[in-house]
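A look at the structure
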Amino acid sequence: MLTDTIIKNIRPTGKTFKLTDRDGLYLRVSPKGARTFAYNYRVNGRQETINFGQYGVGGITLAEARQMLDEAKRLRNAGVSPARAAVEAVESERTFASWADEWFQKHKMADSTRAMRASVYKRDIHPSLHNKLMREVDHHALRRLTDAIVERGAPATAIHARDIVMMVFRHAIDRGLEGVVNPADKVRPSSIATFVPRDRMLQPPHIKLLYTYMEQVGTGMQFRAAVKLLLLTMVRKSELSNATWSEVDFENSLWTIPKARMKMGRPHVVYLSRQALDLFIALKTFAGSSVYILPNRYEPNKPMSPATLNRVINYTVARARADGHDMPDCGPHDMRRTASTLLNEAGYATDWIEKCLAHEQRGVRAVYNKAEYREQRTAMLQDWADMIDGWTK
């Protein structure tokens, strides 16, 4: 058996060697003299090794190594991997900031989305949660966080903060963290804030209700897709309802609306997100040989009735309310207002948003702002589609 005297007098030999203690515990000595306690064992038919730690200052003692050995044997006899249990113990002691940093590194998202979320995390989440262990971040802590953000007048940012916390916990749990509950499960977006706009618009919880209940009303898939396209593309109802297939460039993900159909008399380009492009592809199946993206049900050589989308939305709102949900009145034009408001609240440049809305600026600002912002608008509309996916799944 080993003693402290024996261990202290060990000299490196330039090669790794082992000194045995008792009951399978041994000391592994590195070529440079580092001394590590370890134990080899079999569990569930597998050969495994667990390292207990280095001997000496800042490490563990011989007595502590023997205590760890006894616990490892108890776990092994119960059919539990001691090495895995040790990893889980370490993972459970990681801070929220540690998991958040890992999530930011590994989660795939557009650069602009990453920048927006990083800004929310740095400003609103990190100060209060960064040094907390995951088990210390409960729904009460998340509620205090979102309430503080709402109090400063940023309800959309509060919802983004809740979503970031939710996704960090999902990441940790998916990677084996046990003994924690995702606090976002008890902090629903609809409970974060009550927003009363001067003009009608939808908050993220309302968008989820819209998507959910549109699937339950008796209407065709093409009309549900059209409502979603209004939200995704930020165009006016007439610009979509009268659209033709000749305007859509599937190869380059572009929809060019000619000036004759635009309110301001100028052609308008819509940079299609992946989600919007998928909806156009689905609509092509329903349109058949019609030149219109949304043909009239009874006369395919004509566009659909302008009132159709209003009816679809009205039926959806009524169905949601019938189930007890606080769903505001809204119409096709409110999809544009919703996108504009939420993107502005998320911190995107007003000039990009105004270009997506085909609003032409006047006066001195218009003279100095003729840029089309193709790259920025493309990225922003993709981010917007990804946000909607996150709220509606």
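In short, a report on the structure.

Calculation notes
- Residues numbered from 1 in each chain as written.
- Predicted model: local features only at pLDDT ≥ 70, side-chain atom pairs only at ≥ 80, totals over all residues.
- Heavy atoms only, no water.
- Helix = DSSP H or I, 4+ residues; strand = E, 2+ residues; numbered from the N terminus.
- Buried < 20%, exposed > 50% of the residue type's maximum accessible area, 1.4 Å probe, protein only.
- Contact = heavy atoms within 4.5 Å.
- Salt bridge = Lys/Arg side-chain N within 4 Å of Asp/Glu carboxyl O.
- 1 Å grid on protein atoms, 1.4 Å probe; cavity = no way out; pocket = protein on both sides within 12 Å on 5 of 7 lines; lining within 4 Å.
- Points joined across faces, edges and corners; volume = space filled by probe spheres on them.
- Nonpolar A, V, L, I, M, F, W, Y, C, P; charged D, E, K, R; others polar.
- Expected span 1.5 Å × (residues − 1).
- Core = buried A, V, L, I, M, F, W, Y, C linked by side-chain atoms within 4.5 Å.
- Phe/Tyr/Trp six-rings, centres within 6.5 Å; stacked < 30°, edge-to-face > 60°.
- Pairing = 2+ DSSP bridges.

Looking now at the environment of Ser-190. Along the chain, Ser-190 turns up in the loop between helix H7 (155-174) and helix H8 (204-214). Ser-190 sits 180 residues away from Ile-10 along the chain, and the two C-alpha atoms are 65 Å apart.

Further remarks concern the side chain of Asp-124. Mapped onto the elements of the fold, Asp-124 is located in helix H5 (residues 111-129). Take Asp-124: its relative accessible area is 9%, and that puts it in the buried class. Residues in contact with Asp-124, not counting those within four places in the same chain, are Leu-145, Ile-149, Arg-152 and Thr-157.

Before going further, it helps to examine the pattern of salt bridges. According to the stated counting rule, one finds 15 salt bridges in the structure shown. With a shortest N-O distance of 2.7 Å, Arg-236 and Glu-239 are connected by a salt bridge. Ionic pairing is found between Arg-321 and Asp-329, a salt bridge with its closest N-O pair at 2.9 Å. The class of Arg-321 is partly exposed, set by a relative accessible area of 39%.

By volume, the second largest pocket is sized at about 220 Å³. Thr-219, Phe-223, Arg-297, Thr-308 and Arg-311 are, among the 13 residues lining the second largest pocket, the residues nearest its centre. Counting residues per element, the lining of the second largest pocket draws most heavily on helix H12 (residues 308-322), at four residues. The residue inventory of the lining of the second largest pocket, partitioned by class, reads six nonpolar, five polar and two charged.

The terminal C-alpha atoms of helix H2 (residues 62-77) lie 23 Å apart, and with 16 residues this matches the ideal 22 Å at 1.5 Å per residue to within 8%. Of all the positions in H2, only Leu-62, Ala-65, Arg-66, Leu-69, Ala-72 and Leu-75 are classed as buried. Following H2 by one or two positions, Gly-79 adopts a phi angle in the positive range, close to 80 degrees.

With that out of the way, let us pick up the environment of Ile-313. Tracing the sequence through the fold places Ile-313 in helix H12. Its relative accessible area of 0% is what places Ile-313 among the buried residues. If sequence neighbours within four positions are ignored, Ile-313 has contacts with Val-227, Cys-330, Gly-331, Pro-332 and Met-335.

To continue, consider the nonpolar core. With 97 residues, the main nonpolar core has Phe-96, Ile-125, Met-134, Ile-207, Trp-255 and Trp-384 as its most contacted residues. Of all the elements, H7 adds the most residues to this core, at 11 residues. Sequence-distant contacts of Phe-96, that is, excluding residues within four places in its chain, are made with Tyr-121, Ile-125, Leu-129, His-130, Lys-132, Met-134, Val-137, Val-165, Val-168 and Phe-169. Residues Ile-10, Leu-25, Leu-27 and Leu-69 belong to the second largest nonpolar core, which totals 19 residues.

For the coordinates displayed, the defined rule picks out 10 aromatic pairs. Summarising the aromatic geometry, the rings of Trp-255 and Phe-280 are spaced 5.5 Å apart at their centres and angled 70 degrees between planes, so their arrangement reads as edge-to-face. In this pair, Trp-255 is assigned in strand E6 (residues 254-257) and Phe-280 in helix H11 (residues 274-287), connecting sequence segments 25 residues apart. In this pair, the class of Trp-255 matches that of Phe-280, namely buried.

Turning our eyes to something else, we now look at the sheet that holds E6. Sheet architecture is open: three strands sit in the order E5-E6-E7, paired in antiparallel fashion. Of all the strands in the sheet, just strand E5 (248-249) and strand E7 (268-271) have a single pairing partner and so form its edges. Pairing between E6 and E7: four bridges, direction antiparallel. Bridge assignment links Leu-254 to a residue of E7, and that residue is Tyr-271.

Phi at Asp-23 is positive, roughly 55 degrees, even though this residue is not glycine. The class for Asp-23 is partly exposed, based on a relative accessible area of 44%. Despite not being glycine, Ser-253 has its phi angle at roughly 55 degrees, a positive value. Structurally, the position occupied by Ser-253 is in the loop between E5 and E6. Note on Ser-253: relative accessible area 22%, which makes it partly exposed.

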